[in-house]
Amino acid sequence: MDFGNLFGSPENFLSYTMGGLVFGAIYALIALGYTMVYGVLQLINFAHSEVFMYGTFAVAWVFILLHGTGSATWDLGEAVPVLLVALLAACALSAGVALLIERVAYRPLLNKNAPKLIALISAIGASFALAEAMGLRDRFAEVFRLDDNLADYVAPGKARDVFTNPVTIREHDLFTIGGYSLSDIDLVIIVSALLMMVALDQFVRRTRFGRGIRAVAQDPESAALMGVNPTRVVQVTFVIGGLMAGVAATLYMMKVGVTRQNAGFILGVKAFTAAVMGGIGNLRGALLGGLILGVMENWGSAVFGQSWKDVVAFVLLVLILLVRPSGLLGEALGKARA
Amino acid sequence: MNPISNALRPVGQAWDSVMARYSRQPVVVKVLILFVIALFFYALPLLRPPLITTNEIDFGGVMFQVAAFALVALGLNIVIGYAGLLDLGYVGFYATGAYTTGVLTSQHGSWPFFLALPVAIAVTMVTGVILGAPTLRVRGDYLAIVTLGFGEIIRICVKNIEWLGASAGIKDIPHPNTIGPKATPPFDPGGLFEIPRVEWDGLIPHLDKDHPVYFLVFGATNAIPYYWLILTALLLVLLGDRLVKNSRVGRAWEATREDEDAAELMGVPTFKFKLMAFALGAAIGGLSGSFYASGQGGYISPDSFPLLLSMLFVAAVIVGGSGNRWGAIAGGALVAYLPERFREFADYRLLFFGVALTVLAVWRPEGLLPPRRTRRAKAAAAEIEALEEGELDEELEETRNV
Amino acid sequence: MRLNKVFGASVATLALSLSMVACGSDDGDGGSDADGGDLCGKNLAFLGALTGDAGALGQNMVNGIDLALKEYNADNPDCKINLKKFDSQGSPEKAPALATQIINDDTIVGLVGPGFSGESLATGKTFFEAGLPSISPSATNVTITQQGWTTWHRVIGNDDAQGKADAKYLTETAGASKVFVVDDGQDYSKGLAGTVKDALGDALVDSDQISVGDTNMSAIVQAVKSSGADAVFYGGYYTEAGLLAKQLRQGGFKGTFMSGDGSEDPNFVKVAGAEGANDAVLSAPAAPAPADFGATGLYATQAYDATNIFLAAIKDGAKDGQEINEFIGSYTGDGVSGPIAFDENGDIKESKIFAYFVKDGALDVENPEAIE
């Protein structure tokens, strides 16, 4: 237990905290997907982690498509055009996967009013199936005789191995406070997460779709009676979650640069934990939860050692739920003011 | 209706008629039938029937894993099926039982296995109570994530604490005591007598005396004695499960599961019974973990208890039929057996699994062998629907005739 | 009558003796051929991860075994040996049932494997009690050879040897005086890192542990920077090693980055990026494979050498497990991965550790430096 490590110098403190905020921002964006689906359907979308994972692959694929497989290191400025294309691709793929999950794993059960537990099992199955499908993409390509053409994308024989973005984006320090330097990538990540949250908040409050979402979250039957199409609303909710995950995937690949078929899993669990901590169904709660989780993880690493990092996350969750069962910000989606 | 329900309906009807005939028999006949069935399962790894046996991996070893899984599913069925509590961290109890056994018999002591077993069960039960006390107050969905967290916490703690072996795990866990003369490798296999196994040539069986089971040697070369041990435990737990379910406790669980608020209003101390379900489920998980630890390999490590295993446990119970002890056993057996039977498709194992879970959840949400109450409820709902449609038709007829 | 009796008795005796001869000759075809006539047509077994997340490593080993068998079978067409593969998916729970299957298969005379330390610990007793000799190409946990399993051997230096050499390299060749050691908590990684820590003595400035699958190394990077370390040693595999190296360099770390054989793979450079991987030192207890060696990947050369030892035993006329085991125990020779001889515990006697360098954005597999 080494508190000196964390609080000893401003440089250390800032470094741990800012590093935590960066990953926390990514957790927050993923958490938004969980919290929206829960707010509207009271269901944990276990497969959302795969929605994120497919986005990360889309980013890597775009870079391979536009740049080729040779290793390269670019500055953030030069990478922007390709990054924008990657962002579009990631959002598209993530949203597509989210819609697929909604159609196959959830809608039939919602129509039957099946118990929540079954929907959860259905989602768990979808999660496994999607992750494995990515890990077996080389076999699928073989079936269609495309494995040679798409070798760079499906990695024959090594589909379960780590998949890297051949382009590494170099971080540049922008400015220095107290010995700690904030890098350009870190700034972009944090700002993007804030922007997306603001955009989503506005969407839910001001647009027609947003009202529909809040109505269904509050009372699906009354909403239907008032002319809201619940199926459409559910679809939009999933798509929004997918878009957020796509953004998160792009930022994640920008920073980390590697992915694999089970990359979504642990991030998904953490993001869901963050959503619950902040108050599930609450958009700002997702952001707050994500950021707090990221920072606490890093602080926990600093004090207890990185091997206990995951334990910190879960202990934090249990403590918060015991003291404040509805999460930090509590409010649900349906109760947001107009 | 969907293909799965259509296919399973005649099975359900056949099962119902078989059970009806069975319950009409005198007690002596019933006991005899049960005895024969039990004997069949004991003899199964020796009989090695052609389509069921696994050719690429030892069938006895597979049966041991199947029985261990079935036992775990039974325990989890109490938590999820009877009491309605979603537990996504059940592997934590499995690990607690295994590690307690490992620590007492190998790492920090040299207790004999059967002395360590009750202690392992007790420790796991206490863990269940400690886990349950703060968390059973939170809502169902949250309970799922909190239990998931606890499962992971236990695994990470075990991985990081040197006293528990850390990542190297605990090895050299002694096996249960051999009954009869001990084995002295490599030439003296020990045991009181040999039991040959059956080899099949197509559909023709013949005795294979070269690879017998030595009764009753718990060594490192044959899993069948361990299978017998865990099967015996399974039967005992089945009996206990039946007794508990038909008691006041079981009825309290049912009330809590269906409508917790109503149950509280009627005077059922729901929290106390929920905790009891958790503790009992934990105890069974610990029992199975304990057997796993002193199994053929005699080695446990943190990698043996990943989060994935919790998911598989839950899947086993739900797919088999949550709330029905036979469903849980069937689900557990399937989940453990299918990947080994179809080893050629090993790479597709989890993919098939995920797809099967989703398809089953959508088309047969009540599981393969749902409990009687669910079947009755479904039948009643179907009847009402048919009647409503029928009435509508009748009204149309009447208006037309007027 | 008497003639019948005598006739009957002699027929019975003849039948009895014929059956005894028939039974007796089950154990071998009367082979006193110097060219290994007894065990022809038998099988070697491989037990390890062929599918699942660690499947690539098992595939490498199988490639090495297949190469050795191909060469042998081409040279000895009347005495072919085949391979039976058993996929444990790298997990110690599945391994014991597979081990039982292997020992019950009378056509299997030796095991190349098990691949990982966990599986080795879970199955060592089974193979020992059955008397089946095994040579592992990759299980490096030190405690395996302390169990008294005289049938268990390995052609790879255990974590002790590699760790000591790595520490020596860091303090002497790289001139580091403050080393930060990180591992990923797994058995192999902790063993290797632990030996490095012990051997470093005062040169160790601090240590920490991450988990497999971690992508956020910022806390470690900060800890390294604030400790003032001039070298970092990572015990583990190439994915986390690459991420750590990349984030260290991005964080401004200028010292030496070193890791062990789990990272000695071209994927390390891919994950870390050219800038992150440059000047990294990756050690491995194996000499570079010869230029025309047909099987690539970590542990392929070790598997190749292990197979060849079995094949040499068979060629030498060994008739059963015990004789093969004795042959292995007394074997000395030069394998593709280095000189091979076993001590009384089954460990390889001499293990030369080589340091491989990443230069110009590529892992140089041809010119390592031997660490003396």
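These figures come from a predicted structure and were not determined experimentally.

### Things to note about the overall build of chain C
Then comes step 1: Helix and strand content of chain C: eleven helices and 14 strands.
Then comes step 2: A fraction of 72% describes how many contacts in chain C between residues 6 or more apart in sequence connect residues 24 or more apart.

### Description of the overall build of chain A
Then comes step 1: Helix and strand content of chain A: 14 helices and six strands.
Then comes step 2: The C-alpha radius of gyration of chain A comes to 20 Å, within 12% of the 20 Å expected for a compact globule of 338 residues.
Then comes step 3: Principal-axis analysis of the C-alpha atoms gives chain A an extent of 55 × 55 × 35 Å.
Then comes step 4: Residue pairs in contact within chain A that sit at least 24 positions apart in sequence constitute 77% of those at least 6 positions apart.

### So, the sheet that holds strand β4 (residues 134-136) of chain C
Residue and element names in this part refer to chain C.
Then comes step 1: Here we have five strands laid out as an open sheet, ordered β2-β1-β3-β4-β5, and parallel in their pairing. The open sheet has two free edges, formed respectively by β2 (82-87) and β5 (152-154), since each of these has just one partner strand. Ignoring strand direction, the axes of neighbouring strands in this sheet form an average angle of 25°.
Then comes step 2: Here helix α4 (residues 117-130) sits on the sheet in contact with β1 (43-48), β3 (108-112), β4 and β5, set at roughly 135° to β5.
Then comes step 3: The strands touched by helix α10 (residues 300-315) are β1, β3 and β4; relative to β3, the strand with the most contacts, the crossing angle is about 155°.

### Brief notes about the sheet that holds strand β7 (residues 204-209) of chain C
All names here are of chain C.
Then comes step 1: In spatial order, the strands read β7-β6-β8-β9-β10-β13-β14; together these seven strands make up an open sheet with mixed pairing. Edge positions in the open sheet fall to β7 and β14 (362-371), since each of these has one partner strand only. On average, adjacent strands in this sheet sit at an angle of 25° to one another, irrespective of strand direction.
Then comes step 2: Two strands pair when backbone bridges link them, and strand β8 (residues 231-235) and strand β9 (residues 256-259) are joined in this way by four bridges, in the parallel orientation. The residue of β9 that forms the bridge with Val 232 is Phe 257.

### A few points about the interface of chain B and chain A
The extent of an interface is frequently quoted as the accessible surface area lost upon association of the parts.
Then comes step 1: Counting from both sides, the interface comprises 28 residues of chain B and, opposite them, 33 residues of chain A.
Then comes step 2: Mapped by element, the contributors of at least two residues to the side of chain B that touches chain A are α6 (140-160), α11 (307-321) and α13 (349-363) of chain B.
Then comes step 3: Sort the elements by how many residues they give to the side of chain B that touches chain A and α13 of chain B lands first, with ten residues.
Then comes step 4: When the residues that make up the side of chain B that touches chain A are grouped by side-chain class, the tally is 21 nonpolar, four polar and three charged.

### Let's talk about the confidence of the model for chain A
Then comes step 1: Averaged over chain A, the pLDDT score is 87; the fraction of residues at 70 or greater is 98%.
Then comes step 2: Ranking the helices and strands of chain A by mean pLDDT puts helix α3 (residues 48-67) of chain A first, with 94, and helix α1 (residues 3-7) of chain A last, with 76.

### Focus on the domain arrangement of chain C
Residues and elements named next belong to chain C.
Then comes step 1: Taken domain by domain, chain C comprises domain 1 (43-157 + 288-341) and domain 2 (160-284 + 353-371).
Then comes step 2: For domain 1 and domain 2, the distance between their C-alpha centres works out to 29 Å.
Then comes step 3: Taken together, the contact pairs eight residues of domain 1 with 13 residues of domain 2.
Then comes step 4: A class-by-class count of the residues in the side of domain 1 that touches domain 2 yields three nonpolar, five polar and no charged.

### Points about the packing of α3 of chain A against helix α12 (residues 263-278) of chain A
Residues and elements named next belong to chain A.
Then comes step 1: Where α3 contacts α12, the axes come no closer than 8 Å and their chain directions differ by 130°. Relative to α12, the element α3 is oriented oblique. Where α3 crosses over α12, the handedness of that crossing is right-handed. Side by side, α3 and α12 meet where His 48, Ser 49, Glu 50, Phe 52, Met 53 and Thr 56 of the first sit next to Ala 263, Gly 264, Phe 265, Leu 267 and Gly 268 of the second.
Then comes step 2: Residues that form the contact of α3 with α12 fall into these classes: five nonpolar, five polar and one charged.

### Structural notes on the interface of chain A and chain C
Then comes step 1: Taken together, the 27 residues of chain A in the interface contact 29 residues of chain C.
Then comes step 2: Every element with two or more residues in the side of chain A that touches chain C is listed here: α2 (10-41) and α13 (283-304) of chain A.
Then comes step 3: Residue contributions to the side of chain A that touches chain C peak at five residues, all from α2 of chain A.

### Some thoughts on the pairing of strand β2 (residues 204-215) of chain B
Looking along a regular strand, one sees side chains alternate from face to face of the sheet.
All names here are of chain B.
Then comes step 1: Looking at chain direction, strand β1 (residues 193-201) and β2 are connected through eight bridges and run antiparallel. Bridge pairing links Glu 199 to His 206 in β2.
Then comes step 2: As consecutive antiparallel partners, β1 and β2 are separated by two residues, and within that stretch Gly 202 has a phi angle of approximately 75°, a positive value.

### Overview of the environment of Gly 289 of chain A
Residue and element names in this part refer to chain A.
Then comes step 1: With respect to the helices and strands, the residue Gly 289 is situated in helix α13.
Then comes step 2: On the neighbour-count criterion, Gly 289 (33 C-beta atoms within 10 Å) is buried.
Then comes step 3: Taking the C-alpha atoms as reference points, Gly 289 and Gly 19, separated by 270 residues in sequence, lie 16 Å from one another.
Then comes step 4: In this structure, Gly 289 is in contact with Ala 31, Ala 274, Ala 275, Met 277, Gly 278 and Leu 328, ignoring residues within four places of it in sequence.

### Quick look at the environment of Asn 222 of chain B
Then comes step 1: Looking at the secondary structure, you find Asn 222 of chain B in the loop between β2 and α7 (224-245).
Then comes step 2: Considering only alpha carbons, one finds Asn 222 of chain B and Pro 212 of chain B, ten residues apart in sequence, at a separation of 9.2 Å.
Then comes step 3: Discounting residues that sit within four places of it in the chain, Asn 222 of chain B has contacts with Gly 60 and Val 213 of chain B together with Thr 100 of chain C.

### A look at the packing of helix α4 (residues 76-111) of chain A against helix α11 (residues 230-255) of chain A
Residue and element names in this part refer to chain A.
Then comes step 1: Look at α4 against α11: their axes get within 7 Å of each other, and the N-to-C directions meet at 140°. Judged by the angle between their axes, α4 and α11 are oblique. You can see that α4 and α11 cross each other, and the crossing is right-handed.
Then comes step 2: Across the contact of α4 with α11, the residue classes break down as 18 nonpolar, six polar and one charged.

### Brief notes about unusual backbone geometry
A negative phi angle characterises most non-glycine residues, just as the trans form characterises most peptide bonds.
Then comes step 1: Across the junction of Phe 215 of chain B and Leu 216 of chain B, the peptide omega takes the value -5°, indicating a cis bond.
Then comes step 2: By secondary structure assignment, the location of Leu 216 of chain B is in the loop between β2 and α7.
Then comes step 3: Across the junction of Gly 113 of chain C and Pro 114 of chain C, the peptide omega takes the value -10°, indicating a cis bond.
Then comes step 4: With respect to the helices and strands, the residue Pro 114 of chain C is situated in the loop between β3 and α4.
Then comes step 5: Of note, the phi angle at Arg 48 of chain B is positive, near 50°, even though the residue is not glycine.
Then comes step 6: For Arg 48 of chain B, a count of 20 C-beta atoms within 10 Å translates into the label buried.
Then comes step 7: Non-glycine residue Asp 279 of chain C carries a positive phi angle of around 70°.
Then comes step 8: For Asp 279 of chain C, the location among the structural elements is in the loop between α9 (266-277) and β10 (281-284).

Calculation rules
- Residues numbered from 1 in each chain as written.
- Chains lettered and ligands numbered in written order.
- Predicted model: local features only at pLDDT ≥ 70, side-chain atom pairs only at ≥ 80, totals over all residues.
- Helix = DSSP H or I, 4+ residues; strand = E, 2+ residues; numbered from the N terminus.
- Contact = placed C-beta atoms within 7 Å.
- Rg over C-alpha atoms; globule rule 2.2 N^0.38 Å.
- Pairing = 2+ DSSP bridges.
- Axes fitted to C-alpha atoms, helices over the stretch in contact; angles between N-to-C directions.
- Nonpolar A, V, L, I, M, F, W, Y, C, P; charged D, E, K, R; others polar.
- pLDDT = per-residue confidence, 0-100.
- Domains from an automatic or database assignment.
- Parallel < 35°, antiparallel > 145°, perpendicular 65-115°, else oblique.
- Left-handed = near helix turned anticlockwise from the far one by under 90°.
- Buried ≥ 20, exposed ≤ 12 C-beta atoms within 10 Å, placed from the backbone.

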